Amino acid sequence: MLNMAEGLTRLGALASSPLMSTLGAAFADAGFEISIVGGPVRDALLARPTHDLDLTTDARPDDILRIVKPLATATWDIGRAFGTIGAKIHGHQVEITTYRADSYDGTTRKPAVEFGDTLEADLARRDFTVNAMALRLPTPALVDPTGGVEDLVARRLRTPADPAISFGDDPLRMLRAARLAAQLDFTIAPETLRAMGELRESLRIVSPERIQGELVKLLQTAAPDPGIRLLVETGLMGEFLPEVPALRLEVDEHHHHKDVYEHSLTVLRQAISLEQSRHPGQAPDVALRLAALLHDIGKPATRTLEPGGGVSFHHHDLKGARLARKRLAALRFDGDTTASVAQLIEQHLRFFGYAEGAWTDSAVRRYVRDAGDELERLHILTRADVTTRNSKKAARLARAYDDIERRIAELAEREQLDAIRPELDGNRIQSVLGIGPGREVGEAYRFLLELRLDEGVLGPAAAEQRLREWWAARG
């Protein structure tokens with residue numbers, strides 16, 4: 001429940017801070033208005049930590065820069081075309097933006113920027129009422145023309161204007177609604193939610209980079225699954241990541257299998273819990289969370305209804321990896337993230353062979369070698385993938401994974417598993433065999449690598465002897 005007294009106290013402390021006092025006085029002395037706006041005001045009233053310091057003013061970008069330069073240790077104007085000037089003042093980074101009145105024209109992917117003249121008009125064009133509040137400076141005065149405080153009390157997301165107009169101005173706001181609902185544990189007003197479904201196709205004019213940005217922010221929240229459900233239920237997810245709603249496979253009366261969609265959301269929740277417990281205080285691992293959400297997206301395309309009521313999904317790991325690679329590339333994810341997610345999806349079933357029967361040391365080495373830099377993420381994803389309600393089965397799988405992690409640790413200490421490579425390099429291979437650079441060196445290197453994986457560390461002398469024997473056997 002919103003504690004308004006505490007929220008107002010926090011808001012007052014923010015307004016009277018040295019940073020805001022300095023900015024308020026500087027803009028007033030120059031004859032301009034300035035206000036704290038949006039997220040900082042909302043978060044102060046919710047008694048949440050305030051991270052971004054956003055301000056708005058009737059000053060144009062050149063005037064903003066002229067006013068803040070004497071106060072700042074650094075300034076940047078990369079957002080000047082959109083009316084935004086950044087500065088570092090009193091050790092804090094702030095962004096100050098000219099009153100805006102921008103909108104899409106309905107066909108292009110970029111908003112047309114128009115500067116406004118009044119704070120109230122600027123607030124009216126913002127995404128949601130809880131973000132359409134401002135605190136005037138230097139004498140603090142809360143400005144709330146659209147009922148943001150009432151919506152904070154009700155824990156409700158609502159657009160300041162008709163949602164069709166608001167989402168028409170920027171369709172990305174529909175994704176932001178789902179993200180904020182998850183992040184703040186808010187509900188979405190019925191008319192706003194209805195418009196999200198009706199206007200979902202308008203998302204097609206938004207660039208993939210901006211969509212990716214909102215998806216990442218959603219996945220970085222402590223509990224993204226309510227936001228994912230909203231995107232699936234409104235049809236928005238189908239516009240940019242259709243593989244997720246496709247997980248809602250129909251189950252007929254003769255063929256039964258686990259609800260893949262619900263399973264995937266459970267895996268995501270469990271992966272986040274494991275990530276936070278194993279790596280407390282670290283930034284959210286977006287690649288891991290994407291892999292958890294998408295790990296079974298190959299199932300719809302590989303589902304086979306077997307005689308007797310069984311269902312199989314042969315090679316859904318490989319199919320899913322290909323689908324993920326293609327989709328993440330379309331959303332303009334960077335190559336490292338895309339490669340990590342695809343690899344995790346492709347390898348997420350490997351462990352279950354271990355659970356059915358203990359592996360040799362050679363098999364454990366290959367598991368580590370194939371996982372490479374993704375081993376820790378694979379540990380988390382594999383554990384999170386156990387969602388069975390059978391407590392005995394869950395306990396058995398947990399014990400099995402405890403065992404494989406123990407064996408990996410023991411082998412790593414003994415054999416430097418984090419750097420599995422042949423004990424002889426290319427130069428030594430050439431010297432031992434008396435050959436020059438060429439195809440045979442590569443073949444010898446691969447032989448020694450297989451030997452290392454199969455038998456562990458032999459020592460240079462033994463490795464040389466085995467290399468000579470292999471070479472002699474080739475004739």
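Residues numbered from 1 in each chain as written. Predicted model: local features only at pLDDT ≥ 70, side-chain atom pairs only at ≥ 80, totals over all residues. Heavy atoms only, no water.

A short note on the overall build of the protein chain
- Scanning the protein chain from terminus to terminus reveals 24 helices and eleven strands.
- Taking all 475 residues of the protein chain together, 49% fall into the buried category.
- Long-range contacts, defined here as pairs at least 24 residues apart, represent 66% of the contacts in the protein chain between residues at least 6 apart.
- Element-wise, carbon and sulfur atoms account for 50% of the exposed surface of the protein chain, whose accessible area totals about 22,400 Å². (Helix = DSSP H or I, 4+ residues; strand = E, 2+ residues; numbered from the N terminus. Buried < 20%, exposed > 50% of the residue type's maximum accessible area, 1.4 Å probe, protein only. Contact = heavy atoms within 4.5 Å. Areas by Shrake-Rupley, 256 points an atom, 1.4 Å probe, with all protein chains shown as cover.)

Here we look at the pairing of strand S5 (residues 92–98)
- Pairing of strand S2 (residues 54–57) with S5, which is carried by four bridges, proceeds in the parallel orientation. Within the sheet, the bridge partner assigned to Asp-54 lies in S5 and is Glu-95.
- One ladder, built from six bridges, connects strand S4 (residues 84–89) with S5; its direction is antiparallel. Bridge pairing in S5 links Ile-85 to Ile-96. (Pairing = 2+ DSSP bridges.)

Quick word on the pattern of salt bridges
- One pass over the full model with this rule turns up 39 salt bridges.
- Sharing partners across several salt bridges, the network here consists of Arg-278, Glu-376, Arg-383, Asp-402 and Glu-405. (Salt bridge = Lys/Arg side-chain N within 4 Å of Asp/Glu carboxyl O.)

Comments concerning the side chain of Arg-100
- Among the structural elements, Arg-100 can be located in the loop between S5 and helix H5 (119–124).
- Here the side chain of Arg-100 touches Phe-82 through a polar contact of 2.7 Å, landing on its backbone oxygen. (Polar contact = N/O pair within 3.5 Å; in protein donor to acceptor, adjacent residues only side chain to side chain.)

What to know about helix H4 (residues 61–68)
- Among the residues of H4, Pro-61, Ile-64, Leu-65, Ile-67 and Val-68 are the ones counted as buried. Summarising the axial view, the buried residues of H4 lie within an arc of 165°, below the 170-degree limit, and thus occupy one face.
- The elements touched by buried residues of H4 are helix H2 (18–29), S2, strand S3 (74–76), S4 and S5. (Arc of directions from axis to C-beta.)

Topic: the packing of helix H19 (residues 361–371) against helix H20 (residues 375–384)
- Where H19 meets H20, the closest approach of the two axes is 8 Å, and the angle between their N-to-C directions is 110°. Viewed along their axes, H19 and H20 adopt a mutual orientation that is roughly perpendicular. Facing Tyr-367, Val-368 and Ala-371 of H19, the residues of H20 in contact are Leu-375, Leu-378 and Thr-382.
- The residue inventory of the contact of H19 with H20, partitioned by class, reads five nonpolar, one polar and no charged. (Axes fitted to C-alpha atoms, helices over the stretch in contact; angles between N-to-C directions. Parallel < 35°, antiparallel > 145°, perpendicular 65-115°, else oblique. Nonpolar A, V, L, I, M, F, W, Y, C, P; charged D, E, K, R; others polar.)

Brief notes about the sheet that holds S3
- Within the open sheet, the seven strands sit side by side as S3-S4-S5-S2-S1-S6-S7. Their pairing is mixed. Of all strands in the sheet, those bounded by a partner on one side alone are S3 and strand S7 (141–143). Sheet twist, expressed as the average angle between the axes of neighbouring strands with direction ignored, equals 30°.
- Contacts from helix H1 (residues 4–15) reach strand S1 (34–37), strand S6 (134–137) and S7 within the one sheet, and its direction differs from that of S6 by about 40°.

Comments concerning the environment of Arg-377
- Along the polypeptide, Arg-377 turns up in helix H20.
- Residues Arg-377 and Ala-287, 90 residues apart in the sequence, show an inter-C-alpha distance of 8.7 Å.
- Look past the residues within four positions of Arg-377 in its chain and what remains in contact with it is Asp-285, Ala-287, Leu-288, Ser-340 and Leu-344.
- For Arg-377, the side chain forms a polar contact with the side chain of Asp-285, separated by 2.9 Å.

What to know about unusual backbone geometry
- Note that the residue after Leu-137, namely Pro-138, is joined by a cis bond; omega there is 0°.
- By the secondary structure assignment, Pro-138 is in the loop between S6 and S7.

Observations regarding the layout of surface pockets
- Taken as a whole, the largest pocket encloses approximately 1,900 Å³ of empty space.
- For the lining of the largest pocket, the elements supplying multiple residues, two or more each, are helix H3 (39–45), S2, S4, S5, helix H8 (173–184) and helix H10 (208–219).
- No other element matches the five residues that H8 contributes to the lining of the largest pocket. (1 Å grid on protein atoms, 1.4 Å probe; cavity = no way out; pocket = protein on both sides within 12 Å on 5 of 7 lines; lining within 4 Å. Points joined across faces, edges and corners; volume = space filled by probe spheres on them.)

Some details on the packing of H2 against H4
- Two elements in contact, H2 and H4, have axes whose closest approach is 10 Å; the angle formed by their N-to-C orientations is 120°. Between H2 and H4, the angle falls in the class oblique. As H2 runs across H4, the sense of the crossing is right-handed. On the side of H2, the interface is formed by Leu-23, Ala-26 and Phe-27, while H4 contributes Ile-64, Ile-67 and Val-68.
- Among the residues forming the contact of H2 with H4, the class breakdown is six nonpolar, no polar and no charged. (Left-handed = near helix turned anticlockwise from the far one by under 90°.)

Overview of helix H14 (residues 286–294)
- The buried fraction of H14 amounts to nine of the nine residues, a majority that puts the element mostly inside the structure.
- As for H14, its buried residues are in contact with H10, helix H11 (225–234), helix H13 (260–278), helix H16 (316–330), helix H17 (335–347) and H20.
- Residue Asp-285 occupies the N-cap position of H14, its side-chain oxygen lying 3.3 Å from the main-chain nitrogen of Ala-287.

What about the nonpolar core?
- Grouped together as the largest cluster of nonpolar side chains are 112 residues, with contacts concentrated most on Leu-23 and Phe-240.
- When near neighbours in sequence (up to four residues on either side) are disregarded, Leu-23 contacts Ile-34, Leu-55, Val-68, Leu-71, Ile-89 and Ile-96.
- Judged by nonpolar contacts, the second largest core, of eleven residues, contains Leu-424, Leu-433, Val-441 and Ala-463. (Core = buried A, V, L, I, M, F, W, Y, C linked by side-chain atoms within 4.5 Å.)

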